[in-house]
Amino acid sequence: MESRVIASSTVLVVDDDASIRDAIVDFLAGHGFAVRAVGDAAACERQLLQAPVDLVVLDVMMPGEDGLSLCRRLAPTGVPILMLSALDDVTDRIVGLEVGAWDYLTKPFEPRELLARIRALLRRPSAEPSKQEQASRGVTFAGWWLDVEERRLRDPAGRPVSLSEGEHALLATFASRPGRILTRDTLLDLARGLDAASYDRAIDIAVSRLRRKLAEADPAPIIETVRGVGYRFVPPVRPA
């Protein structure tokens, strides 16, 4: 039943390269998906206004507004976004995940891998929180205050601390599981990143950036490295 539901989902492909766009449309349609396709950000937004979709396959490099900018604006809607890019540098992948992409695939890619990643994203639980989760979004730890819903963070002195979307997702993930050892794969998956071993370095860089921002306000250790395994959030967490 689950596979039929996934296969009947609607996918919007956004890519300015007509040959790639058409190839993706044909392949996904051949596996039962309803597929719509456009060539730029403006056309994407028009399509989304006409009818919702279950997932967006979004190219990074496009004329006019690029995929990263569009992804940043679409992310708050909760629609899963799989980014495509010819850029293979780890920093580019991190940026894509930080602006709200759920997954990132480098061109050229094997169509079967694209299909597998789309199915995996559609199997994930809804990004919409339950009412119980909404009621417990504000938390405190070691004097810090974090509002998960509004993405606001204040240090022990009450000063606001600015976080990127990726840093906020990472901190919220840690704070929801205090004291537990979280592997890199687990962190990437829970923070809506890519569950793949090749991204170990990406999560290390993201954690390092988050630690540096926290340490600028308070040197007390917040995130502990568990050598060879992953990371652990040190302080206890309480509802605000």
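For the structure, see preceding data.
Residues numbered from 1 in each chain as written. Predicted model: local features only at pLDDT ≥ 70, side-chain atom pairs only at ≥ 80, totals over all residues. Heavy atoms only, no water.

## Quick look at the packing of helix α2 (residues 18-30) against helix α6 (residues 111-123)
The angle between the axes and the distance between the axes are what describe a pair of packed helices.
(1) Moving on: For the pair α2 and α6, interaxial distance at closest approach is 11 Å and the crossing angle is 60 degrees. In terms of orientation, α2 lies oblique with respect to α6. α2 and α6 meet at a crossing whose hand is right-handed. Along the contact surface, α2 presents Ile-24, Phe-27 and Leu-28, while α6 presents Pro-111, Arg-112, Leu-114, Leu-115 and Ile-118. (Axes fitted to C-alpha atoms, helices over the stretch in contact; angles between N-to-C directions. Helix = DSSP H or I, 4+ residues; strand = E, 2+ residues; numbered from the N terminus. Parallel < 35°, antiparallel > 145°, perpendicular 65-115°, else oblique. Left-handed = near helix turned anticlockwise from the far one by under 90°. Contact = heavy atoms within 4.5 Å.)

## Comments concerning the sheet that holds strand β6 (residues 138-141)
Picture the strands of a sheet paired through backbone hydrogen bonds; they go either parallel or antiparallel.
(1) Moving on: Spatial strand order, β8-β7-β6-β12: four strands in an open sheet with antiparallel pairing. The sheet is open, and its two borders are formed by β8 (152-154) and β12 (238-239), each paired with just one other strand.
(2) Moving on: Examined bridge by bridge, β6 and β12 share two bridges and lie antiparallel to one another. In the strand pairing of β12, Thr-140 is matched with Arg-238.
(3) Moving on: Here helix α8 (residues 165-175) sits on the sheet in contact with β6, β7 (144-147) and β8, set at roughly 110 degrees to β7. (Pairing = 2+ DSSP bridges.)

## Overview of α8
Counting along an α-helix, one turn takes 3.6 residues, and residues three or four places apart therefore face a common direction.
(1) Moving on: Counting buried residues in α8 gives nine out of 11 residues, a clear majority hidden from the surface.
(2) Moving on: Among the residues of α8, those classed as buried are Gly-166, Glu-167, His-168, Leu-170, Leu-171, Ala-172, Thr-173, Phe-174 and Ala-175. (Buried < 20%, exposed > 50% of the residue type's maximum accessible area, 1.4 Å probe, protein only.)

## Quick word on the packing of aromatic side chains
(1) Moving on: For the structure shown, the criterion picks out three aromatic pairs.
(2) Moving on: A centroid spacing of 6.3 Å and a plane angle of 10 degrees characterise the contact between Phe-141 and Trp-144, whose relative ring orientation is stacked.
(3) Moving on: Overall, Trp-144 belongs to the buried group, its relative accessible area being 0%.
(4) Moving on: Between the aromatic rings of Phe-174 and Phe-233, the centroid separation amounts to 6.1 Å while the plane-to-plane angle is 20 degrees, which identifies the pairing as stacked. (Phe/Tyr/Trp six-rings, centres within 6.5 Å; stacked < 30°, edge-to-face > 60°.)

## Considerations on the packing of helix α3 (residues 41-50) against helix α4 (residues 67-74)
(1) Moving on: Two elements in contact, α3 and α4, have axes separated by 10 Å at closest approach and are oriented at 25 degrees. Between α3 and α4, the crossing angle belongs to the class labelled roughly parallel. Where α3 crosses over α4, the two elements pack in a sense that is right-handed. Note on element contacts: α4 touches α3 through Leu-70, Arg-73 and Leu-74, opposite Ala-41, Cys-44, Glu-45 and Leu-48.

## Quick word on the pairing of strand β4 (residues 81-85)
(1) Moving on: For β4, the buried fraction is high: five of the five residues fall into the buried class.
(2) Moving on: Pairing of strand β3 (residues 55-59) with β4 involves four bridges; the strand directions are parallel. Looking at the pairing, Val-57 lines up with Leu-82 of β4.
(3) Moving on: Note that β4 and strand β5 (residues 103-106) share four bridges and pair parallel. Paired with Ser-85 across the two strands is Thr-106, which belongs to β5.

## Things to note about the pattern of salt bridges
(1) Moving on: Inspection of the entire model under this criterion finds 13 salt bridges.
(2) Moving on: Among the salt bridges present, the one from Asp-103 reaches Arg-117, with a minimum N-O distance of 2.9 Å. A residue pair is termed long-range when its members are at least 10 positions apart, and Asp-103 in strand β5 and Arg-117 in helix α6 qualify at 14 residues.
(3) Moving on: Among the ionic pairs, Arg-112 bridges to Glu-110, the shortest N-O distance being 3.1 Å.
(4) Moving on: Taking relative accessible area as the criterion, Glu-110 reaches 37% and is therefore assigned partly exposed.
(5) Moving on: Each of Asp-15, Asp-59 and Lys-107 takes part in one network of salt bridges that share partners. (Salt bridge = Lys/Arg side-chain N within 4 Å of Asp/Glu carboxyl O.)

## Overview of the nonpolar core
(1) Moving on: By size, the foremost hydrophobic cluster in this structure holds 23 residues, and its most contacted members are Leu-153, Phe-174 and Ile-223.
(2) Moving on: Secondary-structure elements contributing two or more residues to this core are β6, β7, α8, α9 (184-190), α10 (200-217) and β11 (230-233).
(3) Moving on: Every residue in contact with Ile-223, bar those within four places of it in the chain, is listed here: Phe-174, Val-207, Leu-210, Arg-211, Leu-214, Tyr-231, Arg-232, Phe-233 and Val-234.
(4) Moving on: If you look at the next biggest cluster of nonpolar residues, it comprises 20 residues, including Val-53, Val-56, Leu-70 and Tyr-104. (Core = buried A, V, L, I, M, F, W, Y, C linked by side-chain atoms within 4.5 Å.)

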